[in-house]
Amino acid sequence: MERNELYPIFVKVDQLNVLIVGGGNVGLEKLSFLLKSSPNANVEVISIEFMQELRDLASKHSTVKLTEKAYDISDLEKRHMVIGCTDNLDVNLQINREAKAKYLLVNIADTPDQCDYYLGGIVTKGHVKIAISTNGKSPTTAKRIRQFLEDVIPEDINEMVLNLNEFRKTIKGNFEEKVEKMNQVTRDLVNKKK
């Protein structure tokens, strides 16, 4: 059976330098996704032209810069992550080649075999964040799972997280003892009532 071998990480995109190349519908989708999860993401979007919705979104975020120009390899300087989403496959493939040559993480929209990472479905409730991946096979499945989890995870889960964090600070002992104590306190969260 095939399996998803992606390694999930949570990236502090407000502390990194993200480049999106493309100012159309897909560029808007990628920027929206980043900003929904991290409203202070540090992003520059480069495109020959921008759709108005993308301009409107960028205007609400001081950490987003729009640069109206054609892509050039020099645009990759001082970047950590790159998203290529122009309407020109040749330009997207060029972005991929040049980004990989600089050891940058790159995502080429709608071209899974050209991606180092995917932007999956995300559920956020306060400090709790759950990422969902279908290995690039079915964004619709990830969307449905996200909707399900948004419905079943209680809105006050953040209160539990904060309370457990405060409790964790009071626990004495070595690492194993602390883990056992946290396991005792949280065991009822996963045990089904009979």
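To keep things clear, this report deals only with the structure shown in the data block. By convention here, each chain's residues receive numbers from 1 onward along its written sequence. The predicted origin of the model limits local features to residues at a pLDDT of at least 70 and limits the giving and counting of side-chain atom pairs to 80 or more, whereas totals for whole chains, interfaces and linings rest on all residues. For the side-chain quantities, the full set of heavy atoms in the structure was used; hydrogens and water were omitted.

Focus on helix α6 (residues 175–190)
Filter applied, for reference: Each helix is a run of DSSP H or I of at least 4 residues and each strand a run of E of at least 2, with the numbering of both proceeding from the N terminus. What a helix should span is 1.5 Å times the count of its residues minus one. Side-chain atoms alone can form a polar contact between residues adjacent in sequence; in general such a contact is a pair of N or O atoms within 3.5 Å, and within protein one must be able to donate a hydrogen while the other accepts it.
The end-to-end C-alpha distance of α6, which contains 16 residues, comes to 22 Å, matching closely the 22 Å that a straight helix rising 1.5 Å per residue would cover. For α6, the N-terminal capping position is held by Asn174, with its side-chain oxygen 3.1 Å away from the main-chain nitrogen of Glu176.

Digging into the side chain of Asp75
Keep this limit in mind: In this analysis, two residues are considered to be in contact whenever any of their non-hydrogen atoms come within 4.5 Å of each other.
Among the secondary structure elements, Asp75 is positioned in the loop between β3 (64–68) and β4 (81–84). Of the polar contacts made by the side chain of Asp75, one reaches the backbone nitrogen of Asp72; its length is 2.7 Å. When sequence neighbours within four positions are dropped, the list of residues in contact with Asp75 reads Leu19, Ile46, Lys69 and Ala70.

Describing the packing of helix α1 (residues 25–37) against helix α2 (residues 52–59)
For clarity, the cut-off: Lines fitted to C-alpha atoms define the axes here, with helix axes fitted over just the stretch in contact, and angles between the N-to-C directions of these axes take values from 0 to 180 degrees. Every angle not falling under 35 degrees, over 145, or within 65 to 115 is termed oblique; those three ranges are roughly parallel, roughly antiparallel and roughly perpendicular. What makes a crossing left-handed is the near helix being turned counterclockwise from the far one by less than a right angle; a clockwise turn instead makes it right-handed.
Closest axis-to-axis distance for the α1/α2 pair is 9 Å, and the angle between their directions is 20 degrees. By the angle class used here, α1 and α2 are roughly parallel. As α1 runs across α2, the sense of the crossing is left-handed. Every residue of α2 that contacts α1 at Gly27, Leu28, Leu31, Ser32 and Leu35 is listed here: Glu53, Leu54 and Leu57.

Everything listed here is a matter of geometry and, on its own, says nothing about what the molecule does.
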